[in-house]
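Residue-level structural notes
Spelled out, the chains give:
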Amino acid sequence: MSIPVEAARAILRDNDRGGYTVPTAGLYPYQWNWDAAFVAMGWITFDEPRAWREFERLLEGQWADGMVPHIIFHDPKTEYFPGPDVWKTRGPVPASGISQPPVLATSVRHCREAARDPQLAEDRVAALYPKILAWHRWWVSARDPERSGLVGCLHPWESGMDNSPAWDAAFARVSPTPTTVIRRSDTGHVGAEMRPSDDFYKRVVALIDLYASLDWEPRRLWAHAPFKLADLAINAILHRANRDLLALAERFGTAAERAEISARLETTAAAINRLWSDAAGLYLAFDLISWQPIEAPISASFLPLWAGVADAARVRTMAATLERWARKLRYLVPSTSPEDARFEPKRYWRGPVWCMMNMMIAEGFRAGGAVDIADRIKADTAALISRAGFHEYFDPETGAGLGGGRFSWTAAVALSWPLIGGAAGA
Ligand code: GLC
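Remember, predicted model here, so these are calculated numbers, not experimental data. Within every chain, residues take consecutive numbers counted from 1 along the sequence as written. In keeping with the model being predicted, local features are shown solely for residues with a pLDDT of at least 70 and side-chain atom pairs are shown and tallied solely at 80 or more, while totals for entire chains, interfaces and linings include all residues. Hydrogens and water molecules were not included; the side-chain quantities draw on all heavy atoms of the structure.

The next subject is the environment of M357. Each helix corresponds to a stretch of at least 4 residues labelled H or I by DSSP, and each strand to a stretch of at least 2 residues labelled E; elements are numbered beginning at the N terminus. With respect to the helices, strands and loops of the structure, M357 is situated in helix 14 (residues 355–367). Once the C-alpha coordinates of M357 and R347 are considered, the two residues, 10 residues apart in sequence, prove to be 16 Å apart. Only heavy atoms matter for contacts: two residues are in contact if any of them lie within 4.5 Å across the pair. Look past the residues within four positions of M357 in its chain and what remains in contact with it is W34, M161, S299, A300, L303 and W349.

This part takes up the layout of surface pockets. Only protein atoms enter the 1 Å grid used here. Points where a 1.4 Å probe fits but cannot escape make up a cavity, open sets with protein on both sides within 12 Å along at least five of seven lines make up a pocket, and a residue lines them when an atom lies within 4 Å of a point. Grid points are joined across faces, edges and corners, and a volume is the space filled by probe spheres set on the points. In this model, the largest pocket occupies a volume close to 330 Å³. At the level of elements, helix 2 (33–43) and helix 8 (198–213) are the ones that each hand at least two residues to the lining of the largest pocket. The residue classification treats Ala, Val, Leu, Ile, Met, Phe, Trp, Tyr, Cys and Pro as nonpolar and Asp, Glu, Lys and Arg as charged. All others, Gly included, are polar. Residues of the lining of the largest pocket, tallied by class, amount to 17 nonpolar, 7 polar and 6 charged.

Here we come to the packing of aromatic side chains. Each Phe, Tyr or Trp ring (for Trp, its six-membered ring) is paired with any other whose centre lies within 6.5 Å, and the angle between the two planes then decides the class: stacked below 30 degrees, edge-to-face above 60, tilted in between. For the structure on display, the rule yields 29 aromatic pairs. Taking 4.8 Å as the distance between ring centres and 85° as the angle between the ring planes, the aromatic pair formed by Y30 and F73 counts as edge-to-face. Taken together, the residues Y30 in the loop between helix 1 (5–14) and strand 1 (31–32) and F73 in the loop between strand 2 (71–72) and helix 4 (84–87) connect sequence positions 43 residues apart. The residues Y30 and F73 share a single accessibility class, namely buried. Ring centres 4.5 Å apart and planes at 20° place the aromatic pair W354 and Y393 in the stacked group. With W354 in the loop between helix 13 (312–326) and helix 14 and Y393 in strand 8 (residues 393–394), the pair connects residues that are 39 residues apart, well separated along the chain. Burial classes follow relative accessibility: with a 1.4 Å probe on protein chains only, a residue under 20% of its type's maximum area counts as buried, one over 50% as exposed, and anything between as partly exposed. For W354, a relative accessible area of 1% translates into the label buried. Classification of Y393 as buried rests on a relative accessible area of 0%. Three or more aromatic residues link up through ring pairs in this structure, and these residues are Y28, Y30, W32, W34, F38, F73, Y80, F407 and W409.

Now for the site of the ligand. The near set for a molecule or strand comprises every residue that places at least one heavy atom within 4 Å of it. Lining the immediate environment of the ligand, one finds P23, Y28, W32, W34, D35, Q100, G160, D162, Y348, W349, F407 and W409. Between an oxygen atom of the ligand and a side-chain N or O atom of Y28, the distance comes to 3.3 Å. At 2.6 Å from an oxygen atom of the ligand is found a side-chain nitrogen or oxygen belonging to D35. Areas reported here follow the Shrake-Rupley algorithm with a probe of radius 1.4 Å; residue values treat only the protein chains shown as occluding. Relative to its unbound accessible surface of 310 Å², the ligand loses 96% to contact with the protein. Each molecule is assigned to a cavity or pocket provided more than half of its atoms lie within 2 Å of the corresponding grid points. Among the cavities detected, the one that contains the ligand is the largest pocket. Classifying every residue of the shell around the ligand by side-chain character gives 8 nonpolar, 2 polar and 2 charged. A 3.5 Å cut-off defines polar contacts: any pair of N or O atoms within that distance qualifies, except that in protein one atom must be a possible hydrogen donor and the other a possible acceptor, and neighbouring residues in sequence count only when both atoms are side-chain atoms.

Below, the discussion takes up the confidence of the model for the protein chain. Values of pLDDT, the confidence the predictor places in each residue, fall between 0 and 100. The predicted model of the protein chain averages 95 in pLDDT, with 98% of residues at 70 or higher. Throughout residues 422–426 the model reports pLDDT below 50, and contacts reaching past four residues in sequence, or to other chains, amount to 9 contacts.

Another aspect to go through is the environment of F81. Looking at the element boundaries, F81 is found in the loop between strand 2 and helix 4. Between the alpha carbons of F81 and D375 there is a distance of 39 Å; along the sequence they are 294 residues apart. Dropping the residues within four chain positions of it, F81 is found in contact with V86, T180, V181, I182, R183, R184, S185, Y201 and V205.

As a further point, take helix 3 (residues 48–59). Working note: α-helix, 3.6 residues per turn, so residues spaced by three or four point in the same direction. An expected span of 1.5 Å times one less than the residue number is assigned to each helix. With 12 residues, helix 3 extends 18 Å between its outermost C-alpha atoms, agreeing within 8% with the 16 Å of an ideal straight helix rising 1.5 Å per residue. A large share of helix 3 lies buried, amounting to 9 of its 12 residues. Among the residues of helix 3, those classed as buried are E48, R50, A51, W52, E54, F55, R57, L58 and L59. Residues of helix 3 that are buried sit in contact with strand 1, helix 2, strand 2, helix 5 (104–114) and helix 6 (118–143).

Moving on: the environment of L332. Tracing the backbone through its elements, the reader meets L332 in the loop between helix 13 and helix 14. Setting aside residues no more than four positions away along its own chain, L332 makes contact with L322, A326, V353, N358, I373, R376, I377, D380 and L384.

Note on pairing: DSSP must find at least two bridges between two strands before they are called paired. Taken in spatial order, the 3 strands line up as 3-6-7 in an open sheet, and their pairing is antiparallel. In this open sheet, the two strands that pair with only one neighbour each are strand 3 (229–230) and strand 7 (292–293). Note: strand 3 against strand 6 (residues 286–287), 2 bridges, orientation antiparallel. Looking at the pairing, A230 lines up with F286 of strand 6.

Here we come to the packing of helix 2 against helix 16 (residues 408–416). In helix packing, the relevant descriptors are the interaxial angle and the interaxial distance, both defined with respect to the helix axes. All axes are obtained by fitting lines to C-alpha atoms, using only the stretch in contact for helices, and the reported angles, taken between N-to-C directions, cover 0 to 180 degrees. Axis separation between helix 2 and helix 16 bottoms out at 7 Å; the angle between their running directions is 40°. In this structure, the crossing between helix 2 and helix 16 has a hand that is left-handed. On helix 16, the residues touching W34, D35, F38, V39, M41 and G42 of helix 2 are S408, W409, A412, L415 and S416. A breakdown of the residues in the contact of helix 2 with helix 16 according to their chemical character gives 7 nonpolar, 3 polar and 1 charged. Put simply, a crossing is left-handed when the front helix is turned counterclockwise from the back one by less than a right angle, and right-handed when it is turned clockwise.

Here it is as structure tokens:
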């Protein structure tokens, strides 16, 4: 069983559209925010200037208030729906109006440490650092205006886990009647059974219509959002990203910035830990409108491991929870618990395995001392890719590759983790 390094590199090269990498040809023809962060970790293994370029192209889309959009519509001429005409944003380049889990600082730190050309890295990171700081400040001002320590997610696409069952109850409150006419293009690329339903698309677009009518103004969005929850992916990834930003601030920031980031880290560690559920044996997202925990065990429930905020007892409990899930499946980590009635092994974020989630969860377990489960997740990831190829996601029961093929972040994870070169499972 092996994964050819050249095949992974060829995917990134083929998906390169001139300094940015599309997630996959056809289905996703632009630059996506957290995809770009993972993809850069792939590029840095064989083309350093190209890795730095990926970040710069992403930040071309940054708004004056610091927001970094979830999709940057560089060169908008493809048939993608919903495109710039639906989002109606007014940033420096056509883009969506919401953000995505902020992996950027973690990726920039990783690339700086992996770089074999330290002078190049120094120059590029010096320019990136203030922009990342501005984005992290935006999360606080726009998405945690009450300073609870948890940022709110205002759209299922902001979480990066579009169709997760964790959003079902909150999403049921959203109007299913958009003003925009729905013109789906995704099901022309991938089977409808692997994609979200039409009802989901109507509500997704109705939310965009509402926020566009509020001019994407953060205070108005916060006041009027019918969908507002503290999601674990954004919160845990942001906490981890702030740790990495603090490391960058040692070199590139000021003492006041370091103090600001450190203070926020203390607040967010405590706030994330309040989301722990003894009954579930993991962390649960929280609905900021119904003011209830969201009883849905999903892969993001393990991401506080990646943040490094779970104590030893919680790490052990989460390992036991995942081992229990593993008895019902062949491959870890399913995006929804197989013990949950809403588990669907093939449908978007309702069961399948994503490789970049596996990397974050496994390395979180490893850092917490749960090495066996970390190794198991890594070996499963290598087995999935070497048997099925570089798919967007995988069936946790059969290992079949699903969604888009020749997928950039899957190739990047294989290169950077690394799963290639005999290190699979190591
Ligand atoms: C889907 C995923 C999202 C990802 C995008 C591009 O929308 O749910 O997380 O960023 O595809 O890969």
